[in-house]
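# Breakdown of the fold
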Amino acid sequence: MSEWAAELVASESLPTSVHATDAEGETPPSWDKIALLHIDATTPASLIEERLDRWTPRLREDGTLLIYGVETPRDAALWRRLSAESASFLLTGGPGLGLLAPRSIPATLTCLLGAPGQRLGDGALARLKYHFSTLGETAADRAGRDSAIAVAQARENAARDARIRLSEMTAALRASQKREDVANEANASLLAQLRETQTAASRLDAKLADVEARLARNTDALERTRRQAAEQQELLGPVRIWMEQAFSLLTSQSTATAAFSQRLSSHEEALTTLRSFLEAPAGVVRRFARAVLRPNFSPFVPTTPEAPRLTSCAPPPVLPVWRDEPLPPEITPASPAPETLDTGILIEAPSSAQRLVPASARRRNILFVSGEPTTPGTIYRCQRNAAACATTGHVTRVCDCAAVGPDEVAWADVLILWRVVYSEHVNILIRLAHERGAIVVFDVDDLVFIPALANISVIDGIRTIGVTESETNSLFAGFGVTLSRSDACIGTTDTLAHHMRRLKPLTYTLPNIFDHACLAKSRLAVRQRAWEGTDGLIRIGYASGTRTHQRDFALVADVLARLLYQRPELRLVLFREPGNHKPILLMDEFPALAPVAAQIEWRDTVPLVDLPKEFARFDISIAPLETGNVFCEAKSEIKFLEAALAGVPSVVSPTAPYRAAIIEGVTGLTADTPDEWDRALRRLLDDASLRSRMARDAFNHLLWNFGPERQALLFETLIMSLGDEVEAARATETILARGSYRSRNLPEIPESQTLFIHDALGEAQVTVLITSHNYGDLIVEALESVRAQTMRTLDLIVVDDASDDDSAAVVLQWARRHADRFNRLLVLAPHRNVGLGGARNIGVSASETPFFLSLDADNRLLPNACAALLEACADAAYAYPSIRTFGEGHSPKIMGDLASRPLRLAGENYIDAMAMVAKWAWAAAGGYYVSREAMGWEDFDLWCSLAEMGLRGTRLAHVVAEYRMHDASMTTSVTERGAHKARVVAHIKARHPWVDVHHEAISRA
């Protein structure tokens, strides 16, 4: 009744205050007088008189007393006493309602409480009582209905809870039974293995006994042989002495014979001279002179030298006779096949197939040499590239140029010199490398090898970093000489490579990339900022780390000043040197920013490893460069890359590298003139949802294009192309066929909303992705199979694709109950039904782990699925397991039992969607296709795209998942329908013309 009175006052908007007291009669606020006092007489009797005594005196002169419950047996006497003392009116029915005027009768109530002539007639009173009774019955009916609805709702909720608990209990029971079955199978297997082990042990004991017997026989034979050898050694002593004496005698006689031979040679020369003298007499004049001067002359006639006396050697002693006894047979004439003792733990030497062999055709030693070891470029160009190159099987090292010596050069097959200025030391290194057949490659990330560019009109930074044009010219000339002495070159952008190719035709493009540590730090910073929420400010950040961009920043300084003046909530984030707080930008050159200096946030520069946290503070990142400037046009896309990793959209100048990296209006915005910068910045400032979508798409776009996996494959072909003629030819074929080797397209991500989110801000490796449409009766089994995974740190994302049943409610209730089991748990829902491909893309894009495992809502995982597939997928784009089918009326069979042979996809899809996929591979392929008209083969399309890009998959031979066979599955109810199947086949063949699935389509249609 009190609620009805309060509702009446409120609904009529009366100028009346309503106060309800509690059971103890709490004193109301101080009022002058009470116009209407309502007392509930159904309360305990001890309180009624107390309330009457307390409140009745506070009635004003024409105040009215309304008592509910006066027709009850207990309170009838009270009503008779009160109505006898005052004007009264009684409405019977139910507990009864009595109206009293203790003092004077209000004018509005004389029709009920006045003198007999003033009151309503009997007919009017009867109608009034009838309407009151009807009103009471209506209120009672409404209360009854509300109570019935509440009871029904409670029963429905209880039934839903019971159904969920039953599903969970059923899943737990099945899991328990499965574990029991597995345990029984394991026990049976162990018993069989034990028996086999015992049998093998018996055989080994017998063999051991035989070996010991043969060893004893061999030991005896060896002992006899040793004694015989000792005897023969004693007999050989005199022979050794004779040989020593004979050798000494032969040596002395050989010396004498040599001297005799020398004398014979001299004798022969003398005889030859005499012979010539006698055979060619001198002329008459010479003979006359000789006769006068030497009358007794006679020619010299040499005497024959005496032969040396040779001493004969004593006869040798009698040689001992060797007693040739047959040796015992070998212990193991043939190596028997090894026996396996399987006790559940496999310990064996790795086979050739199991060893970590390089992916490259030929492994090489690659030395990355840094010419500027203290700058961040060493991380970008040496450390990250060395890590990427090593994943293809090459052995890599990073070394400062000054520390490279002959040993390092002798070790290397390829030397990559980053920003190395030519010197005598460098000359020696290059010469030594070429002498031993090593390849020298010059790597650079700026246009710094053309001395003619070393002037302030081209490079404004020369005037702000404390060097002269002459010094810069010498530096560029040094880079140019190193380039000319190298065998090949590497540039960070196609524009830079174009300029290098004019000087060195053999030039490659390898972009600046992120590594896995940078990716993890960036994405964690994104999640932390989302969890902390916003402070209501919008920040535009300019992350310049050197004083070389004054003229670049001048392009946007006035635009930023105008925006800051117009928008008090806007902040400009700039950087300064730590310690002395000296700005990186020289602010005197930007006077327009002085009036809004209070809106500039100054941040200390940080090491490269901490830069992701700084980028994550931005809402918009800017990267202005002088377009048309040959130096700026060659610079890399690194600022766009680092901002996108941290979840920040960018506005950049339209240089050639930025135009190639950005999809205009989708993954970023470009601006050249001040008007274009103003429009681009305002567009992002005014639309938070656009900022979010653009950052998401930019991140998905760069995962492959600037990731270490693509860089590794680029390095593989680059190094191979520097090999022999055959390797170079094969590598060139691959490079030309690949083209740019960028991602197929940008994944299509339908718009969605977040129904539930939990984030413990840990770092998981795997996200299980469940997509569901009208699987409220089965999805709990799938969820429970994920909760039972042995991998403790795990993420889970559920995408409900506009279900018509209670799927979303079931998932949300389950998520709230089990959120603490997961590192990160999301429940997402698209704004409309988007089909399987769209739902999967929503989930994958929202994931924050390197790998994801797709699970349909009607299937299940075995407890070790995530751990086993992650181990298999460590160096592959995806890993697929063997899968066991189940379901009522279906015989179990094994799926996914074929080894990875990508060309097999031309005739059939032998890989189920329940596979673990690297997120970078998903991005490289352009995600799952989104087409409800051709829905059903999204996973087949993904495998085909990855095959076309040369990204390999691998098979896990163990059964770690279960596929439900039932008539309501999407495969049965949608995909395999005749007309729909024909559209699916046509769609796949249009995307992959090499696929030949017509026979499969005909057989299934």
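That block above? That's the structure.
Residues numbered from 1 in each chain as written. Predicted model: local features only at pLDDT ≥ 70, side-chain atom pairs only at ≥ 80, totals over all residues. Heavy atoms only, no water.

### A closer look at the environment of V844
Note on placement: V844 falls in helix α24 (residues 835–846). Taking relative accessible area as the criterion, V844 reaches 0% and is therefore assigned buried. Along the chain, V844 and T767 lie 77 residues apart, while their C-alpha atoms are 8.5 Å from each other. Setting aside chain neighbours within four positions, we find V844 in contact with L769, F852, K919, W922 and Y928. (Helix = DSSP H or I, 4+ residues; strand = E, 2+ residues; numbered from the N terminus. Buried < 20%, exposed > 50% of the residue type's maximum accessible area, 1.4 Å probe, protein only. Contact = heavy atoms within 4.5 Å.)

### Description of the side chain of E962
The residue E962 is located in strand β26 (residues 953–964) in this model. Within the structure, the side chain of E962 is placed 3.2 Å from the side chain of R884, a separation counted as a polar contact. Excluding residues within four positions of it along the chain, E962 makes contact with K178, N859, R860, L862, I883, R884, F886 and M914. (Polar contact = N/O pair within 3.5 Å; in protein donor to acceptor, adjacent residues only side chain to side chain.)

### Observations concerning unusual backbone geometry
With a phi close to 60°, Y741 is a non-glycine residue in the positive phi region. Along the chain, Y741 turns up in the loop between α21 (725–738) and β17 (752–759). Backbone geometry at N774 places phi at a positive 60°, although glycine is not the residue there. Relative to the elements of secondary structure, N774 occurs in the loop between β18 (766–772) and α22 (779–787). Since its relative accessible area comes to 28%, N774 is described here as partly exposed.

### Thoughts on the nonpolar core
One finds V768, I770, V786, L796, L861, W943 and L951 to be the most contacted residues of the largest nonpolar core, which totals 143 residues. Per-element accounting of this core gives the leading share, 6 residues, to helix α16 (residues 638–645). When residues no more than four places from it in sequence are discounted, the contact partners of V768 are V786, L794, D795, L796, I797, L853, L855, L861 and C866. (Core = buried A, V, L, I, M, F, W, Y, C linked by side-chain atoms within 4.5 Å.)

### Overview of the packing of aromatic side chains
All told, the structure shown has 12 aromatic pairs when counted by the stated rule. On the numbers, 5.4 Å between centres and 80° between planes, the contact of W937 with F940 is edge-to-face. Overall, F940 belongs to the buried group, its relative accessible area being 2%. By way of ring pairs, the aromatic residues Y542, F553 and F590 are connected into one cluster. Residue placement shows R523 over the ring face of F699; its charged tip is 3.9 Å from the ring centre. Over the ring of Y741 we find R738; its NZ or CZ atom is 4.2 Å from the centre of that ring. (Phe/Tyr/Trp six-rings, centres within 6.5 Å; stacked < 30°, edge-to-face > 60°. Lys NZ or Arg CZ within 6 Å of the ring centre and 35° of its normal.)

### Side note on the side chain of E938
Position of E938 relative to the elements: it lies in helix α27 (residues 938–948). Buried and unpaired, E938 has R840 as its nearest opposite-charge partner, separated by 5.2 Å. For E938, the contacting residues outside a window of four places in its chain are L836, G837, R840, Y928 and Y929. (Lys, Arg positive; Asp, Glu negative; His and termini not counted. Salt bridge = Lys/Arg side-chain N within 4 Å of Asp/Glu carboxyl O.)

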